[in-house]
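Structural overview
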Amino acid sequence: MHLNNQGDSRRGLDYTPLFKFLLSRVGDDWDVIYSEAVARLDKIEPIFWMVAKNEAEKKPFFRAGESAFFSGLFVDAENKLSMVDPNLGFEDMEPSCSCCTHTFNGIKFLRPFSTN
Ligand SMILES: [Zn+2]
C-alpha cells in the first residue's frame, strides 16, 4: 500500500530512520540523543510517538504505519533512553491481516495471520 505525505502524516513511513536511530541509542544519555535527533528532523513530534513523555504514555509498542510497529521507549530516572518492554520481540507480535508484511523494529513478524 502506498503511503504519501498528504493527509494523516502520522501514518507516513518517513520516520522509520528516526525510529531505528532511537532504537540504536537505547542505553545512551537522552539529552545527547535528543539533540542529535532534533538536528535531523523537520518537526519534533515523531520523537514522542516513540518516546513516552510521562508514565501514562508508556507503551510496549506503537504503530508507525499500516503494518510497521516499533518498540515504545521512555527516559529512565538516570536520563537514559530505555525500552518499555525489552522482552517484547517480533516473535510475540500477531499480524492483524494476511495481506500485508507486518514488521516489528524492521523485522518481519514470525507468526502467521490467524483468525482464531
Ligand atoms: Zn493487510
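Residues numbered from 1 in each chain as written. Predicted model: local features only at pLDDT ≥ 70, side-chain atom pairs only at ≥ 80, totals over all residues. Heavy atoms only, no water.

What follows is about the sheet that holds strand β2 (residues 68–71). Within the open sheet, the four strands sit side by side as β1-β2-β5-β6. Their pairing is mixed. The open sheet has two edge strands with one neighbour each: β1 (61–63) and β6 (107–108). Direction of pairing for β2 relative to strand β5 (residues 103–104): parallel, over a ladder of two bridges. From the neighbouring strand, Phe69 faces β5, where its bridge partner is Phe104. Packed on one face of the sheet, helix α1 (residues 16–24) meets β1 and β2 and runs near 25 degrees to β2. (Pairing = 2+ DSSP bridges. Helix = DSSP H or I, 4+ residues; strand = E, 2+ residues; numbered from the N terminus. Contact = heavy atoms within 4.5 Å. Axes fitted to C-alpha atoms, helices over the stretch in contact; angles between N-to-C directions.)

As a further point, take the pattern of salt bridges. On inspection of all chains with the given rule, the structure shows four salt bridges. Measuring nitrogen to oxygen at the nearest pair gives 2.7 Å for the salt bridge that ties Arg25 to Glu36. Of this pair, Arg25 sits in the loop between α1 and α2 (30–39) while Glu36 sits in helix α2, placing them 11 residues apart in sequence. For Arg111, the salt bridge is made with Glu94, and the minimal N-O distance between the two is 2.7 Å. Here Arg111, found in the segment after β6, pairs with Glu94, found in the loop between β4 (81–83) and β5; they are 17 residues apart in sequence, far enough to count as distant. On the basis of relative accessible area, Arg111 is assigned to the partly exposed category, the value being 36%. Given the relative accessible area of 48%, Glu94 is considered partly exposed. (Salt bridge = Lys/Arg side-chain N within 4 Å of Asp/Glu carboxyl O. Buried < 20%, exposed > 50% of the residue type's maximum accessible area, 1.4 Å probe, protein only.)

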